Amino acid sequence: MSIKAAVVLGTRPEAIKLAPVILAMQRDQVFSCRLIATGQHREMLDEVLRLFDLHPDYDLHVMRPDQSLFDVTSRVLLGLQPILEREAPQVVLVQGDTTSAFAGALAAFYLRIPVAHVEAGLRTADKYRPFPEEINRRMISLLADWHFAPTEWAQNNLLREGISSERVFVTGNTIVDALFEILQRPSPPLPEPIARLTGRERLVLVTAHRRENWGEPLRRICRALRALVDAFQDVVILFAVHLHPRVQRVVHEELEGIPRIFLLGPVPYEVFVHILARSVLILTDSGGIQEEACSLGKPALVLREVTERPEGVEAGILHLVGTKSEHIVAEASRLLRNVQADQRTAWRPSPYGDGHAAERILRILRERL
Ligand code: UDP
């Protein structure tokens, strides 16, 4: 007898982190899987779906210019109702903490369909950081029936909140499965500024897109980058700029035309992981990139005041620096004084998993359903 599952996803990181689970379900004889894309982010989501050869059975196309959280939540909820009623899956899988994931879990709950939460239990204990993700994931924890925690720390957060230990499982993070799979593929051509490097420069990779960093914090981050290229003549910075207009505008205003700072749009994932592997230092406010940095053993400055990934900080790979220019410059300079241009990248044990999280999740679901 087959198990009918529906997977709801809407953004690039959800697609990256759910691809290993969906692909494993497609290989498995027991599961039949319906993929529902909300389209919360359009281009960045589609790029990842193509990379992993995933074809949504349904697409809600919710994205609008300047969409608000009200728009996304209500459109996803209303869009899912007829699909979940028609398909009547035995379980709905959601991942992480996006508004699509929250609305997906809520829609399933309204229809009394069990919810499985992939990457459960991350917490900052600060309602507004990250916003709205901290509350999205807490609400998903209330709605979920099975909680797949990436680490023991995340598991303990859930147990402390009163969730039964029989429903919480430590599986590792599926991002490690995805990263491992893509790194095994041959490297595609790298973008022009990287391809032209001679090998003597040290590459620093930057991303910043969190809502809490829009405006002045992002300007301070940009100022720190200018100071770093001034201080280190062999440093080249590649900033993969998120498509959100509030991010694009500030970054281009602050950094356009600065020598040795290259501004690209979002980089396709299969290229991005090879750039990560070439970098000596990463500056980011992204969640997934913190986990990838740990798996590649790359030092990373976390451009946030709090992180829900303390395991990487404890491992000495992540450095929580906030967004004050002087703190970023001081910590980046300290790290840059110690890293060589030809630093080798090797796959290394990561607090976030061993690349087999998806298999564990399916095994548990198979047993429980
Ligand atoms: N990523 C990518 N191209 C980019 C920037 C990020 O493919 O230009 C990948 C990155 O490797 C990670 C994921 O996107 O796997 C993280 O997404 P994002 O930073 O948007 O979200 P978060 O992880 O903060 O939820």
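Structure first, text after, so check above.
Residues numbered from 1 in each chain as written. Predicted model: local features only at pLDDT ≥ 70, side-chain atom pairs only at ≥ 80, totals over all residues. Heavy atoms only, no water.

Caption draft 1: Local environment of the site of the ligand. Near the ligand lie 16 residues; those nearest to it are Val 267, Ser 286, Gly 287, Gly 288 and Glu 292. Here an oxygen atom of the ligand and a backbone polar atom of Gly 288 are 2.7 Å apart. Protein contact buries 93% of the 540 Å² of open area that the ligand shows by itself. Counting residues per element, the ones that place at least two in the shell around the ligand are helix H1 (12-27), helix H11 (269-278) and helix H12 (287-296). The greatest single-element share of the shell around the ligand, amounting to four residues, is contributed by H12. When grouped by side-chain class, the residues that make up the shell around the ligand number nine nonpolar, four polar and three charged. (Near = heavy atom within 4 Å. Polar contact = N/O pair within 3.5 Å; in protein donor to acceptor, adjacent residues only side chain to side chain. Areas by Shrake-Rupley, 256 points an atom, 1.4 Å probe, with all protein chains shown as cover. Helix = DSSP H or I, 4+ residues; strand = E, 2+ residues; numbered from the N terminus. Nonpolar A, V, L, I, M, F, W, Y, C, P; charged D, E, K, R; others polar.)

Caption draft 2: Region of interest: the layout of surface pockets. Space inside the second largest pocket adds up to approximately 260 Å³. Looking at the second largest pocket, it is lined by 15 residues, and the ones nearest its centre are Pro 20, Arg 27, Asp 177, Glu 181 and Gly 355. Those elements giving two or more residues to the lining of the second largest pocket turn out to be H1, helix H7 (174-184) and helix H15 (357-368). Classifying every residue of the lining of the second largest pocket by side-chain character gives eight nonpolar, three polar and four charged. (1 Å grid on protein atoms, 1.4 Å probe; cavity = no way out; pocket = protein on both sides within 12 Å on 5 of 7 lines; lining within 4 Å. Points joined across faces, edges and corners; volume = space filled by probe spheres on them.)

Caption draft 3: Representation of the pattern of salt bridges in the model. What the rule picks out here adds up to 30 salt bridges. Of the charged contacts, one joins Arg 42 and Asp 46 as a salt bridge, the two residues approaching to 2.9 Å between their closest N and O atoms. Relative accessible area serves as the criterion here: at 23%, Asp 46 is assigned to the partly exposed category. One salt bridge in this structure joins Arg 138 and Glu 161, with 3.8 Å as the shortest N-O distance. On the criterion of sequence distance, the pair formed by Arg 138 in helix H5 (residues 133-143) and Glu 161 in the loop between helix H6 (152-160) and strand S7 (168-170) is long-range, its members being 23 residues apart. The partly exposed category is assigned to Arg 138, whose relative accessible area is 29%. (Salt bridge = Lys/Arg side-chain N within 4 Å of Asp/Glu carboxyl O. Buried < 20%, exposed > 50% of the residue type's maximum accessible area, 1.4 Å probe, protein only.)

Caption draft 4: Looking closely at the side chain of Arg 304. Positionally, Arg 304 belongs in the loop between strand S12 (300-302) and helix H13 (310-314). Overall, Arg 304 belongs to the buried group, its relative accessible area being 5%.

Caption draft 5: Inspection of the side chain of Glu 133 at higher detail. Along the chain, Glu 133 turns up in helix H5. Contacts of Glu 133, omitting those with residues within four sequence positions, involve Asp 97 and Arg 210. (Contact = heavy atoms within 4.5 Å.)

Caption draft 6: Main features of the sheet that holds strand S8 (residues 202-207). One open sheet holds the six strands; their spatial order is S10-S9-S8-S11-S12-S13, and the pairing between them is parallel. If you trace the sheet from one side to the other, it starts and ends with strand S10 (261-264) and strand S13 (318-320), each paired once. Neighbour to neighbour, the strand axes of the sheet diverge by 20° on average, direction disregarded. Relative to S10, strand S9 (residues 235-240) runs parallel, the two sharing four bridges. Considered in S10, the bridge of Ala 240 is made with Leu 264. Lying over the sheet, H12 contacts S8, strand S11 (281-284), S12 and S13, oriented at roughly 165° with respect to S11. (Pairing = 2+ DSSP bridges. Axes fitted to C-alpha atoms, helices over the stretch in contact; angles between N-to-C directions.)

Caption draft 7: The arrangement of the environment of His 244 in detail. Looking at the element boundaries, His 244 is found in the loop between S9 and helix H10 (245-255). Given the relative accessible area of 26%, His 244 is considered partly exposed. It is 32 Å that separates the C-alpha atoms of His 244 and Ala 315, two residues lying 71 residues apart in sequence.

Caption draft 8: Structural view of the sheet that holds strand S6 (residues 146-149). Judged by pairing direction, the sheet is parallel, and its seven strands sit side by side in the order S3-S2-S1-S4-S5-S6-S7 without closing on themselves. Both edges of this open sheet fall to strand S3 (58-59) and S7, since each of them pairs with a single strand only. Two elements, S6 and S7, share three bridges in a ladder whose sense is parallel. Paired with Phe 148 across the strands is Phe 169, a residue of S7.

Caption draft 9: Main features of the pairing of strand S1 (residues 3-9). Across the seven residues of S1, six count as buried, placing the element largely inside the fold. Pairing of S1 with strand S2 (residues 31-37) involves seven bridges; the strand directions are parallel. Residue pairing for S2: Val 8 is matched across the bridge by Ile 36. The β-α-β motif built from S1, the intervening H1 and the parallel element S2 has right-handed crossover chirality. Note: S1 against strand S4 (residues 91-95), three bridges, orientation parallel. Residue pairing in the sheet places Ala 6 in a bridge with Val 92 of S4. (Right-handed = clockwise from strand over helix to strand, strands pointing away.)

So yeah, pure geometry; function would need other evidence.
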